[in-house]
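These are the residues of each chain, in order.
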Amino acid sequence: MEVIHKIGRRKTAVARVYVAQGEGKITVNKKDVADYFSTATLQYKINQPLTMTNNDGNFDITVNVYGGGITGQAEAIRLAISRAMCELDAENRLILKPEGLLTRDPRMVERKKFGQKKARKKFQFSKR
């Protein structure tokens with residue numbers, strides 16, 4: 001099996017995932033996944049597509065991720081891994097699609113408008 005390369009995005013985070021045959025080691029930006037994502041919730045999000053398709057210890061995954069915060073990065077990685085699992089076996093699509101793991105979340109930060117404090121928040125009005 002050759003290396004599979006997929007890209008996942010979420011907000012402003014972009015993750016490039018390289019999946020190769022191996023013993024289940026996940027490396028994110030040249031660090032172990034447990035070191036890069038300290039919380040169990042984020043680690044669960046990354047491993048979700050692997051556990052659902054029963055590929056827990058089958059592949060070595062190398063990830064390059066940049067932009068956004070840690071949650072956006074974790075969800076970008078999850079999307080990329082889900083896409084890679086679908087390329088490995090078409091049956092995996094039937095498992096991942098109903099869970100929403102193949103859908104790119106389109107929500108982005110709304111821009112700040114001029115004359116306002118933030119996107120929706122206005123400056124405080126004061127009567128003198």
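Refer to the structure presented above.
Values in this document were obtained by computation on a predicted structure and should not be read as measured data.

Peer 1: Hey, could you run me through the packing of helix 2 (residues 40-52) against helix 3 (residues 70-88) in this one?
Peer 2: The packing of two helices is summarised by the inter-axis angle and the distance between the axes. Packing of helix 2 against helix 3 leaves a shortest axis separation of 8 Å and a crossing angle of 10 degrees. If you check the angle between helix 2 and helix 3, you find them roughly parallel. On helix 3, the residues that touch Leu42, Lys45, Ile46, Gln48, Pro49 and Leu50 of helix 2 are Ile70, Thr71, Ala74, Glu75, Ile77, Arg78, Ile81, Ser82 and Met85. When grouped by side-chain class, the residues that make up the contact of helix 2 with helix 3 number nine nonpolar, three polar and three charged.

Peer 1: Looking at this model, I keep getting lost on the pairing of strand 1 (residues 4-10). Mind explaining?
Peer 2: Residues in a regular strand point their side chains to alternate faces of the sheet. Relative to strand 2 (residues 13-21), strand 1 is paired through seven bridges, and the arrangement is antiparallel. Bridging from a neighbouring strand, glycine 8 pairs with alanine 15 of strand 2. Counting the residues that bridge the hairpin from strand 1 to strand 2 gives two residues, and of these lysine 11 lies at a positive phi of roughly 55 degrees.

Peer 1: For this particular structure, what's the right way to read the pairing of strand 5 (residues 59-66)?
Peer 2: Alternating positions in strand 5 separate cleanly, Phe59, Ile61, Val63 and Val65 being buried on one face and Asp60, Thr62, Asn64 and Tyr66 remaining unburied on the opposite face. The sheet contact formed by strand 3 (residues 26-28) and strand 5 spans three bridges and is parallel. Bridging across to strand 5, isoleucine 26 finds its partner in isoleucine 61.

Peer 1: Looking at this structure, I do not really get the environment of phenylalanine 37. What am I missing?
Peer 2: Following the sequence through the fold, phenylalanine 37 ends up in the loop between helix 1 (33-36) and helix 2. Through-space distance from the C-alpha of phenylalanine 37 to that of histidine 5 is 21 Å; in sequence the pair is 32 residues apart. Ignoring sequence-local partners within four residues, the contact set of phenylalanine 37 consists of Val28, Leu42, Gln43, Ile46, Ile70, Gln73, Ala74 and Ile77.

Peer 1: Would you mind showing me how to read the packing of aromatic side chains here?
Peer 2: Working definition: an aromatic ring pair is given by the centre-to-centre distance plus the angle between the planes. All told, the structure shown has one aromatic pair when counted by the stated rule. Between tyrosine 36 and phenylalanine 37 the ring centres are 4.9 Å apart and the planes differ by 75 degrees, which places this aromatic pair in the edge-to-face class.

Peer 1: Explain helix 3 to me, please; I cannot follow it from the model alone.
Peer 2: Owing to its 3.6 residues per turn, the α-helix aligns residues three or four sequence positions apart on the same side. Under the 1.5 Å per step criterion, the end-to-end length of helix 3 is 27 Å for 19 residues, consistent within 8% with the ideal 27 Å. For helix 3, a buried count of 14 out of 19 residues is recorded, marking the element as mostly surrounded by other parts of the structure.

What counts, and where the lines are drawn
- Residues numbered from 1 in each chain as written.
- Predicted model: local features only at pLDDT ≥ 70, side-chain atom pairs only at ≥ 80, totals over all residues.
- Heavy atoms only, no water.
- Axes fitted to C-alpha atoms, helices over the stretch in contact; angles between N-to-C directions.
- Helix = DSSP H or I, 4+ residues; strand = E, 2+ residues; numbered from the N terminus.
- Parallel < 35°, antiparallel > 145°, perpendicular 65-115°, else oblique.
- Contact = heavy atoms within 4.5 Å.
- Nonpolar A, V, L, I, M, F, W, Y, C, P; charged D, E, K, R; others polar.
- Pairing = 2+ DSSP bridges.
- Buried < 20%, exposed > 50% of the residue type's maximum accessible area, 1.4 Å probe, protein only.
- Phe/Tyr/Trp six-rings, centres within 6.5 Å; stacked < 30°, edge-to-face > 60°.
- Expected span 1.5 Å × (residues − 1).

So yeah, pure geometry; function would need other evidence.
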